[in-house]
Amino acid sequence: MIPVNEPFLAQRELEYVTECVRTGWVSSAGRFIEEFENQWAAYCGRRYGIAVSSGTAALQVAVACLGLGPGDEVIMPTFTIISCATAIVYTGAVPVLVDCDPTTWCMDVDQVKSKITQRTRAIMPVHIYGHPVDMDPILDLAERHGLAVIEDAAEVHGAEYLSGRGTIHPAWRRCGSFGTLSCFSFYANKLITTGEGGMILTDDSKLAEKAQSLRNLCFQAHRRFYHEEIGFNFRLTNLQAALGLAQLERIDEIIARKRWIGQEYNSRLSGIPGLQLPVEEPWARNVYWMYGIVLSEETGMDAAAFAHKLKQRGIETRPFFLGLHEQPVFHKRGLFLQDRYPITERIARQGLYLPSGLALTPKQISEVSEAVHEVLA
Ligand SMILES: Cc1ncc(COP(=O)(O)O)c(C=O)c1O
């Protein structure tokens, strides 16, 4: 079986993790945590990094930092992972959804404006499968309406966005540099992994302090077991940060490899009738976290049937997200009952991603591509 993802760990990871074991710094104190936070924040052009135990935890802490609660609304894409919505729902605030763009699969920024109400407190753009959201219109709306931006960059380590197009100062900026608070995941299938892990980035010292407190049960520095707020235990361990730091040292190589995988698939799969491939907008640098494809209905197959045929040929795939508005768990809570988002509904049924891990060999890419040709022939 060619797996959909396989982490690619190297010698430096082993050295750093071994150092943790040797020195006994295996829990949530130790040199690697702060180094990983500082270096990841610097890489993304931010002042503060707060490491947490997962991307889901990062979103939860980010939302908690903004003090959202019942009566508040957050505008976000329906085409994303459930973590984005649960972070909002836990607080009693309500996610308000928009559909996605049919080519980038990221949130359709043109739909955001009409969803802004008196209750809107934040916008949550989510970069999808390695491709950035068109951020300028979001940042512009957020500024004009006084809204926070919770940027979910879990899938786009190192991806870049050309901001300020049409001005005299356009500039490429890394994803994760845009949000009031920006969130990353370091789960095993991400470009940089800590096994499980996440991080919140911000330039605001007060928000950074709050995030640090929230991830660690809101212990107080001068009176430890005295609590004025409710927090979480979302601490990352030194062991995990050791992995992350080692990976970060070779991020350029990791990104180059992901882009190479994306371009290899592009050249082998382009021109197949009925097959939509990932794009790279002129204002974006895609890191091809996962190589997604969407089948046209004319192929007579949906993604599930296609995945089954690939599996028979020894190739593992993953379906695209099912939109948040189609999730039974939210319907039970009376959310999104009348919502329809046709682009998301279509790609949720017709989309899947191919093996995209860093350990993928040229031979495997060629086998996967041949299998796709064969199934669609
Ligand atoms: C867009 C997005 N946000 C958040 C998460 C949650 O991250 P984690 O799995 O580390 O909790 C993921 C996970 O893959 C994701 O794809």
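Report on the accompanying structure. (Residues numbered from 1 in each chain as written. Predicted model: local features only at pLDDT ≥ 70, side-chain atom pairs only at ≥ 80, totals over all residues. Heavy atoms only, no water.)

Moving on to the nonpolar core. Grouped together as the largest cluster of nonpolar side chains are 104 residues, with contacts concentrated most on Phe36, Trp40, Phe79, Met124, Tyr129 and Ile150. Element by element, the count of residues in this core is highest for helix α3 (residues 55-65), at seven residues. Contact partners of Trp40, with chain neighbours within four places excluded, come to His157, Phe184, Phe186, Ile192, Met199, Leu201, Leu248 and Ile251. Membership of the second largest hydrophobic core comes to 26 residues, among which are Ile2, Tyr291, Leu360 and Leu376. (Core = buried A, V, L, I, M, F, W, Y, C linked by side-chain atoms within 4.5 Å. Buried < 20%, exposed > 50% of the residue type's maximum accessible area, 1.4 Å probe, protein only. Helix = DSSP H or I, 4+ residues; strand = E, 2+ residues; numbered from the N terminus. Contact = heavy atoms within 4.5 Å.)

With that settled, the discussion passes to the environment of Thr86. With respect to the secondary-structure elements, Thr86 resides in helix α4 (residues 82-89). Each C-alpha atom of the pair Thr86 and Thr56 lies 8.7 Å from the other, and the pair is 30 residues apart in sequence. Only 3.1 Å separates the side chain of Thr86 from the backbone oxygen of Ser83, close enough to count as a polar contact. (Polar contact = N/O pair within 3.5 Å; in protein donor to acceptor, adjacent residues only side chain to side chain.)

Attention now moves to the packing of helix α9 (residues 303-312) against helix α12 (residues 362-376). Relative to each other, α9 and α12 sit at 125°, their axes nearing to 10 Å. The orientation of α9 relative to α12 falls into the category oblique. The interaxial crossing formed by α9 with α12 has right-handed handedness. Across from Phe306, Lys309 and Leu310 in α9, the residues of α12 making contact are Ala371, Val372, Val375 and Leu376. The class makeup of the residues in the contact of α9 with α12 is six nonpolar, no polar and one charged. (Axes fitted to C-alpha atoms, helices over the stretch in contact; angles between N-to-C directions. Parallel < 35°, antiparallel > 145°, perpendicular 65-115°, else oblique. Left-handed = near helix turned anticlockwise from the far one by under 90°. Nonpolar A, V, L, I, M, F, W, Y, C, P; charged D, E, K, R; others polar.)

With that settled, consider the environment of Cys218. Structurally, Cys218 is set in the loop between α6 (205-215) and α7 (238-248). A relative accessible area of 5% places Cys218 in the buried class. Spatially, the C-alpha atom of Cys218 lies 55 Å from that of Gly300, the residues being 82 residues apart in sequence. Setting aside residues no more than four positions away along its own chain, Cys218 makes contact with Ser213, Tyr226, His227, Glu229, Ile230 and Gly231.

Turning our attention to the sheet that holds strand β3 (residues 94-98). Sheet architecture is open: seven strands sit in the order β1-β9-β8-β5-β4-β2-β3, paired in mixed fashion. Both edges of this open sheet fall to β1 (48-52) and β3, since each of them pairs with a single strand only. Recorded for the sheet is a direction-independent mean angle of 25° between the axes of neighbouring strands. Here strand β4 (residues 120-123) runs beside strand β5 (residues 148-152); their pairing, made up of two bridges, is parallel. Among the inter-strand pairings, Ile123 is bridged to a residue of β5, identified as Val149. Contacts from α6 reach β1, β8 (181-185) and β9 (198-202) within the one sheet, and its direction differs from that of β1 by about 15°. (Pairing = 2+ DSSP bridges.)

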